[in-house]
Amino acid sequence: MPHTNIEIPDKLPLYSQKEMVPFPYMIFPLYVNDRDLLPFTEADNYDKSVAVVLRRPDATSGDQLGDIHEIGTLCRVNQIKKVSDGRFKVTLEGVARLRIQELEPGTVCLLAHCEVVREFVEKNLVSEALVQSLNALLKISLSYGKPLPDDVMKMIDYIDNPARLSDLVALYVNLPISDLQELLETVDPLERLKKVYVHLTNEVQRLQVKSEINTEVNRKVGKNQKEYILREQMKHIQEELGEEDPRVADMNELRRRIEEAGLPEDVKKIADTEIKRLERINPASPEYTVSRTYLDYLAGMPWSKSTSDSLDMVRAEEILNEDHYNLKKVKERIMEFLAVRSLKENMKGPVLCFVGPPGVGKTSLGKSIARSLGRKFVRISLGGVRDEAEIRGHRRTYIGALPGRIIKELFRCGANNPVFMLDEIDKLGLDFRGDPASALLEVLDPEQNFSFNDHYLDVPFDLSKVMFITTSNQLDPIPGPLKDRMEVIRLSGYSTEEKLHIARNFIIQREIDENGLTNNPLEFTDEAIIKIIDDYTREAGVRSMQRTIASVCRKVAKEITQSKKPRKVINPEVVSELLGPRKFHNEVAAENDRIGVVTGMAWTETGGDILFVEITSMPGKPELILTGSLGDVMKESARAALSYVEAHYRDFGIAENAFEDKTFHIHVPSGAIPKDGPSAGVTMVTALVSLLTGRPAKRSVSMTGEITLTGRVLAIGGLKEKVLAAHRAGVRRIVAPDRNRDDLEDIPDNVRTELEFTFINEAAEAVAVALQA
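The structure displayed is predicted, hence computed values, not measured ones. Every chain is numbered independently, its residues counted from 1 as its sequence is written. Per-residue local features are limited, in this predicted model, to residues with pLDDT of at least 70; the limit for side-chain atom pairs, both in listing and counting, is 80 or more; totals at the level of whole chains, interfaces and linings are taken over all residues. To obtain the side-chain values, all non-hydrogen atoms of the structure were used and water was disregarded.

Observations concerning the overall build of the protein chain
Heads up, the rule is: By definition, any uninterrupted DSSP run of H or I lasting at least four residues is a helix, any uninterrupted run of E lasting at least two residues is a strand, and each is numbered from the N terminus. Our radius of gyration looks at C-alpha atoms and nothing else; its globule reference is 2.2 Å times the residue count to the power 0.38. The rule is simple: take the accessible area with a 1.4 Å probe, protein chains only, and divide by the maximum for that residue type; under 20% is buried, over 50% is exposed, in between is partly exposed. Contacts are assigned to residue pairs with any non-hydrogen atoms lying within 4.5 Å of each other. Reported accessibility uses the Shrake-Rupley method at a 1.4 Å probe radius. Residues are deemed covered only where the shown protein chains occlude them. Under this rule, positive means Lys or Arg and negative means Asp or Glu; His and the chain ends count for nothing. To locate a charge, the coordinates of NZ of Lys, CZ of Arg, CG of Asp or CD of Glu are taken.
If you tally the helices and strands in the protein chain, you get 25 helices and 24 strands. Computed over C-alpha atoms, the radius of gyration of the protein chain comes to 47 Å, more than 25% over the 28 Å expected from 2.2 N^0.38 for 773 residues, which places it beyond the range of a compact globule. Along the longest, intermediate and shortest principal axes, the C-alpha atoms of the protein chain span 135 × 95 × 65 Å. When each of the 773 residues of the protein chain is scored for burial, the buried share is 47%. Partitioning the intrachain contacts of the protein chain with sequence separation of at least 6 by distance along the chain shows that 74% fall at a separation of at least 24. For the protein chain, the exposed surface amounts to about 38,600 Å²; the carbon and sulfur share of it is 49%. One way to put it: in the protein chain the 103 positive side-chain charges average out to a point 3 Å from where the 119 negative ones average out.

The following block contains the structure:
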């Protein structure tokens, strides 16, 4: 049925605004100044009617048709009343929707040509269902505390007109102005009712969530209040019974621990202040746990707790020899420490750095040192550590803050003078969270670590009594300032004879016990152990040897469980039977002497290795080709070697035209492995002379040394590792720089007796030794 016809004048005063969207049947006040009052006073000439319309968001004046929305509201002016500050209160009543067609300037105010929007309401099952659902939702919202006047609720119960109901409900739903204008512009009452229903549904859901949150908050607050009341009651009951309050008892216990901890005076003051602060904090507060944990660390740190050093040097040496074979330099350094410690009680702990290939016993050596000194042993691995807070800790302003690993481990061990091992110090990382290596500068400096300041404790702690031991596979990755703070002790690889002793005295019995063969002990012959060392392991340390011996024990254990006759003796034949084909071959013994191929030696982070320098030539332009993943320094050595041989070709008996129209190609096998360093210069000179003179090089001779353009041979590093690698490979003669003669003392006696050493000052001497006549 059509909406009731409303007659209006052809033109109406227009009032545009941005604050609200009036709806039909809505009575509302407006507060305006003198200028904005004109449309409402002019309404007296237009049957007290005025057109109220919403201005568009980007409009400023509202004087143009494009500045306002097309649909507005016909309002009747009920009252105009002057209020304070020269403003006026205008009471309006919404009558119907208007469509603004044209604007016209008037003598007093802006006039609008408009027409009433006709609304057609047709009652059907859909409209009746929507009306009922809307009424139900309104009552639900009222149950959640939605403020609706009682007279409005009564009015809604009797309204069955969808157009009237949708406009009325829209007034009491918290909607943005844009959504309200959209509802005003929705002429179809049924469609408008659907939109209002959707908005009201969202409002009810929001109220439900808000109610659940309020309920949970009230429950928690009520629980805290209940706990507080019960705690106060308990406190009063305990006072009546003469019992001590648990919280007071806890504070007293904490004070007792602080007193007995032997804190320095300045730290004691901080602890006392923190306890007073803790007493004022509610135990249910998160801050209480933070403060309590901090005080636990302060009270539990070994400020004055030390273990007594065992100064029995004979006993200490026995312990070191029980756990490790050889390692004379390390053992001598520990004996020196004990000697000084026996003469001076308050001495600073040394900072040692064990550098060597994997498997030579660096980490286990730290445990033996702690046992020989009678100290506690602490170990942390620095491999992959990238955060400075791992060393210095987090500041207590962060949630979940904890001390750094140094302070945490001292707290756990309960002594301020342990043997503290920082394992894999060369594997430290670096990223945006800081540089752990820089944080270690203070820890490992005896001149600074007496007042180490962890970010969490925020008080100085004395680390000078701690004996720090770091381990590393190589020194190069360690920053210079950090390296300067440590006393470096190199642990080279083991010779075959040393590995034989280690296997015989340390490894075999342990593996027999660990693999359940205690009741069926095995006897390994020396030949079997040497076969395992030479044919199945190729390393500087003993880890692979230990795993291989363990593999033999496991296979014997398997045979025993299968009711086979248990083996008693492990000889080379049994090793081959159990372990299968050999994994490594003697590179030198398996090869013949060849022209242009010379045996060299290289230092690696796993100990040492031998390498072969191969040189050939072909017709072509004068050029030097270098392959085998050679680094820049090694390439320069090759060019220097070629220049030296060209300049001294007569001294080596090389033909004058040997270098004309020839391309030389130098290759170092194992091309996938990067190689660098200057120590292959002598080897390259010898290989070039071998090629150009046609004299084969002796494969049993291995050499090392850096050369200059004039042929002088300079000193190199890592001679011990290189010699041990050459010895393992079957080399019988070593050619090395004369300046490295003193390094011969580091090489085991049995290796020195089995090898022939030739020390040279000139590259020509190496050629004379290594090439066949």
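Some thoughts on the layout of surface pockets
For clarity, the cut-off: Grid spacing is 1 Å over the protein atoms alone, the probe is 1.4 Å, and a cavity is where that probe fits but cannot get out, while a pocket is an open set with protein on both sides within 12 Å along at least five of seven lines and lining residues have an atom within 4 Å of a point. Grid points are joined across faces, edges and corners, and a volume is the space filled by probe spheres set on the points. Gly is placed with the polar residues, together with every amino acid not listed as nonpolar (Ala, Val, Leu, Ile, Met, Phe, Trp, Tyr, Cys and Pro) or charged (Asp, Glu, Lys and Arg).
Within this model, the second largest pocket holds a volume of roughly 560 Å³. If you trace the second largest pocket, you find 24 residues lining it, with His324, Val360, Gly361, Ser364 and Val542 closest to the centre. Contributions of two or more residues to the lining of the second largest pocket are made by α12 (362-373), α17 (496-514) and α19 (543-561). Here the lining of the second largest pocket gets five residues from one element, more than from any other, and that element is α12. Classifying every residue of the lining of the second largest pocket by side-chain character gives eight nonpolar, nine polar and seven charged.

Section: the packing of helix α7 (residues 246-260) against helix α9 (residues 286-300)
The condition that has to hold: Every angle, taken between N-to-C directions, lies between 0 and 180 degrees, and every axis is a line fitted to C-alpha atoms, over only the stretch in contact when it is a helix. We call a crossing left-handed when the near helix sits turned anticlockwise from the far one by less than a right angle, and right-handed when that turn is clockwise.
For the pair α7 and α9, interaxial distance at closest approach is 9 Å and the crossing angle is 35°. For the pair α7 and α9, the crossing hand works out as left-handed. Listed contacts from α9 to Arg247, Asp250, Met251, Leu254, Arg257 and Ile258 of α7 are Tyr288, Arg292, Leu295, Asp296, Ala299 and Gly300. Looking at the contact of α7 with α9, its residues break down into six nonpolar, one polar and five charged.

Notes on the pairing of strand β16 (residues 597-604)
Going by this rule: Following DSSP output, two strands are said to pair if at least two bridges run between them.
Extensive coverage of β16 is indicated by the burial of six of its eight residues. Pairing of β16 with strand β20 (residues 701-703) involves two bridges; the strand directions are parallel. Bridge assignment links Thr599 to a residue of β20, and that residue is Ser702.

Points about the pairing of strand β18 (residues 623-627)
For clarity, the threshold we go by: We call a crossover right-handed when, viewed with the strands running away from us, the connection from the first strand over the helix to the second turns clockwise.
Looking at chain direction, β18 and strand β19 (residues 662-667) are connected through five bridges and run parallel. In the strand pairing of β19, Glu623 is matched with Thr663. Regarding the hand of the β-α-β motif, the stretch spanning β18, helix α21 (residues 632-647) and β19 is left-handed.

Considering α12
Stated precisely, the cut-off is as follows: One less than the number of residues in a helix, times 1.5 Å, gives the span that helix is expected to have.
Compared with the 16 Å implied by 1.5 Å per residue over twelve residues, the 17 Å span of α12 between its first and last C-alpha is a close match. Those residues of α12 that sit buried are Lys362, Leu365, Gly366, Ser368, Ile369, Ala370, Ser372 and Leu373. Packing partners of the buried residues in α12 comprise α10 (313-323), α11 (328-343), β7 (351-355), β8 (377-381), β9 (419-423) and β12 (467-472). Count one or two residues on from α12 and you reach Gly374, which has phi positive near 75°.

Concerning a positive patch on the surface
As a reminder of what qualifies: By definition, no residue in a patch forms a salt bridge, and every one has over 30% relative accessible area; like charges are joined within 9 Å, nonpolar side chains (Val, Leu, Ile, Met, Phe, Trp, Tyr) within 5 Å. Here a salt bridge means any side-chain nitrogen of Lys or Arg lying within 4 Å of a carboxyl oxygen belonging to Asp or Glu.
Together, Arg554, Lys555, Lys558 and Lys564 make up a region of like positive charge exposed at the surface. Relative to the elements of secondary structure, Lys564 occurs in the loop between α19 and β15 (569-570).

Some thoughts on the pattern of salt bridges
If you walk through the whole model with that rule in mind, you get 43 salt bridges. Here Arg567 ties to Glu559 by a salt bridge, and the two come within 2.9 Å at their closest N and O atoms. Per residue, the accessibility class of Arg567 equals that of Glu559, and both read buried. What you see here is one network of salt bridges that share partners, running through Arg315, Glu318, Glu322, Asp323 and Arg371.

Remarks on the sheet that holds β9
Strands sit in the order β8-β9-β12-β7-β13 across an open sheet of five strands; the sheet is parallel. Lying at the two open borders of the sheet, with one neighbouring strand each, are β8 and β13 (487-490). When the angles between neighbouring strand axes are averaged without regard to direction, this sheet yields 20°. Relative to β12, β7 runs parallel, the two being bridged by five bridges. For Phe354, the partnering residue across the bridge sits in β12 and is Thr471. Those strands touched by helix α14 (residues 405-413) are β8 and β9, and its axis lies near 150° from that of β8.

Regarding a nonpolar patch on the surface
A grouping of Val209, Ile213 and Val217 is seen on the molecular surface, where their side chains present a nonpolar patch of about 250 Å² in accessible area. Considering the arrangement of structural elements, one finds Ile213 in helix α6 (residues 189-241).

Observations concerning the confidence of the model for the protein chain
Defined as follows: For every residue, the predictor assigns a confidence score, pLDDT, that lies between 0 and 100.
In this model, the protein chain carries a mean pLDDT of 86, and residues with pLDDT of at least 70 account for 93%. No element of the protein chain has a lower mean pLDDT than helix α3 (residues 150-158), which averages 65, and none a higher one than strand β23 (residues 733-737), which averages 95.

A short note on unusual backbone geometry
Look at Ser563: it is not a glycine, yet its phi comes out positive at around 60°. Here Ser563 lies in the loop between α19 and β15. If you check the backbone angles, Asp661 has positive phi at about 50° while not being a glycine. Tracing the backbone through its elements, the reader meets Asp661 in the loop between α21 and β19. For Asp661, a relative accessible area of 55% gives the class exposed.

Here's the deal with the packing of aromatic side chains
The following threshold applies: Any Phe, Tyr or Trp ring, taking Trp's six-membered ring, that has another such ring centre within 6.5 Å forms a pair; planes under 30 degrees apart are called stacked, those over 60 apart edge-to-face, and the others tilted.
What the rule picks out here adds up to nine aromatic pairs. Consider the rings of Tyr294 and Tyr456, whose centres lie 5.9 Å apart with planes at 70°: the pair is edge-to-face. Taken as a pair, Tyr294 in helix α9 and Tyr456 in the loop between β10 (452-453) and β11 (460-461) lie far apart in primary sequence, 162 residues in all. Accessibility assignment for this pair places Tyr294 and Tyr456 in one class, buried. With a centroid separation of 5.9 Å and an interplanar angle of 50°, the aromatic rings of Phe659 and Phe664 are classed as tilted. With relative accessibility at 12%, the residue Phe659 sits in the buried group. An aromatic cluster is present here, built from Tyr294, Tyr297, Phe411 and Tyr456 joined pairwise through their rings.

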